[in-house]
Amino acid sequence: MIHFDCDYMAGAHPEVLQTLVECNDVQTSGYGQDNFCERAKALIRQACEAPEAAVHFLIGGTQTNSTVLDALLARTDGVLCADTGHINAHEAGAVELFGHKVLTVPSHEGKVCPAEVEAYLHNFYADDTYEHMVAPGALYISFPTEYGTIYTRDELSALSDICHRYHIPLYVDGARLGHGLAASPDVTLPILAQLADVFYIGGTKMGALFGEAVVFAPGKAPKHFYTMTKQHGAMLAKG
């Protein structure tokens, strides 16, 4: 059996450690309100070609998923994902801990099929009793998937169109986003920023000591997301 590991099997890239040593004695205000964080946000917006995007820094992937989805979803909402999706299979029910049911659709080598997502949404609202059920309030996918597969640009575009038609956000788990972008022939960071309502750029599994950068499309950031990050214990005092 082939087993794939990632960069969090070790500490961090030497340049990350060296930079931390160099800025160790610099005094900052903390909580993400410092010049280092502001410069990082600016660089991320530039790389995404999204100057109006909202960028927030959280600690790890599970915290990021549960915080973002809790902020996006109403109390009556759940989240659609592949039955193999990380939030369904390997996060100890973190999303459900905050009151949002994970609603699954079949996985096809880790990916969701746009036609099946659309059928789920159509059938839900075609049911006269839908107000007695948990509503699909967002779609969660991971890029790459838990199986190491990647969505094509056309697949992402189809999922984005479906989500917009049903007025739910498309959320992309980017814990291993660097691997996905390196492997993809037609998906770039700017393309992802155009198609997803929110995604995150994973640092923990890509050579950093820890940290995930959440990127909300312009106007898509939930109100008081910074405060909700604090509530979820996902905010770094030393940004």
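The coordinates are above.
First, a word on scope: everything that follows refers to the structure included in this document. None of the values given here were measured: they were computed from a predicted structure.

Procedures and definitions
Each residue is numbered by its place in its chain's sequence as written, counting from 1. With the structure being a predicted model, the display of local features is reserved for residues of pLDDT at least 70 and the display and counting of side-chain atom pairs for 80 or more, all residues being used for whole-chain, interface and lining totals. With hydrogens and water excluded, all non-hydrogen atoms of the structure serve as input to the side-chain values. Burial classification: accessible surface area is computed with a 1.4 Å probe over protein chains only, and a residue below 20% of its type maximum counts as buried, one above 50% as exposed, and the rest as partly exposed. Secondary structure is summarised from DSSP: a helix means a run of H or I of at least four residues, a strand means a run of E of at least two, and numbering begins at the N terminus for each. Paired strands, in this sense, are two strands between which DSSP finds at least two bridges. Contacts described as polar in this section are N or O atom pairs within 3.5 Å, which, within protein, must combine one atom able to donate a hydrogen with one able to accept it, while residues neighboring in sequence count only if both atoms come from side chains. Residue contacts follow a heavy-atom distance rule, with two residues in contact if any of their heavy atoms lie within 4.5 Å. Only the stretch in contact is used when fitting a helix axis, every axis being a line fitted to C-alpha atoms; angles between N-to-C directions are given from 0 to 180 degrees. Salt bridges are defined as contacts in which a side-chain nitrogen from Lys or Arg sits within 4 Å of a carboxyl oxygen from Asp or Glu. Nonpolar cores are built from buried Ala, Val, Leu, Ile, Met, Phe, Trp, Tyr and Cys residues. Side-chain atoms within 4.5 Å join them into one set.

Quick look at the pairing of strand S2 (residues 77-82)
Most of S2 sits out of view: six of its six residues are buried. Bridging between S2 and strand S4 (residues 135-142) involves three bridges; their strand directions are parallel. When the sheet's bridge partners are listed, Gly 78 is paired in S4 with Pro 136. Where S2 meets strand S3 (residues 102-105), four bridges bridge the pair, whose relative direction is parallel. Paired with Leu 80 across the two strands is Leu 103, which belongs to S3.

With respect to the side chain of Thr 145
Along the chain, the position of Thr 145 falls in the loop between S4 and helix H7 (153-165). When its relative accessible area of 4% is taken as the criterion, Thr 145 is described as buried. Within the structure, the side chain of Thr 145 is placed 2.5 Å from the side chain of Thr 149, a separation counted as a polar contact. Non-local contacts of Thr 145, meaning those with residues more than four positions away in its chain, are made with Glu 109, Gly 110, Lys 111 and Tyr 151.

Points about the sheet that holds strand S5 (residues 170-173)
Hydrogen bonds along the backbone pair up the strands of a sheet, which may run parallel or antiparallel. Across the sheet, seven strands lie side by side as S1-S7-S6-S5-S4-S2-S3; this open sheet has mixed pairing. Every other strand in the sheet has two partners, leaving strand S1 (54-58) and S3 as the edge strands with one partner each. Strand-to-strand twist in this sheet, taken as the mean axis angle between neighbours without regard to direction, amounts to 25 degrees. Pairing of strand S6 (residues 198-202) with strand S7 (residues 212-216), which is carried by five bridges, proceeds in the antiparallel orientation. Within the sheet, the bridge partner assigned to Gly 202 lies in S7 and is Glu 212. Lying on the sheet, helix H2 (residues 35-48) is in contact with S1, S6 and S7; it crosses S1 at an angle near 125 degrees. Along the sheet face, H7 touches S4 and S5 and points at about 165 degrees away from the line of S4.

Examining the pattern of salt bridges
Under the counting rule described, the total for this entry stands at four salt bridges. Between Lys 41 and Glu 38 there is a salt bridge, with the nearest N and O atoms lying 3.7 Å from each other. Placement of the pair is Lys 41 and Glu 38 together in helix H2, with a separation of three residues, close to one helical turn. On the basis of relative accessible area, Lys 41 is assigned to the buried category, the value being 13%. Between Glu 118 and Arg 165 there is a salt bridge, with its nearest N and O atoms 2.4 Å apart. Here the residue Glu 118 occupies a position in helix H6 (residues 114-126), and Arg 165 occupies one in helix H7, the gap between them amounting to 47 residues.

A few points about the side chain of Ser 66
Mapping Ser 66 onto the fold places it in helix H3 (residues 61-72). Here Gln 63 takes part through its backbone oxygen, which lies 3.2 Å from a polar atom of the side chain of Ser 66.

Thoughts on the nonpolar core
Residues Val 112, Val 117, Leu 139, Ile 141, Leu 156, Val 172 and Phe 199 are the most contacted members of the largest nonpolar core, which totals 34 residues. Here this core takes five residues from helix H9 (residues 189-195), the largest share from any one element. With residues up to four places along the chain from it excluded, the contact list for Val 172 reads Ile 141, Phe 143, Leu 192, Ala 196, Val 198, Phe 199 and Tyr 200. Judged by nonpolar contacts, the second largest core, of 21 residues, contains Val 95, Ala 138, Tyr 140 and Tyr 200.

Geometric values such as these leave the question of function open.
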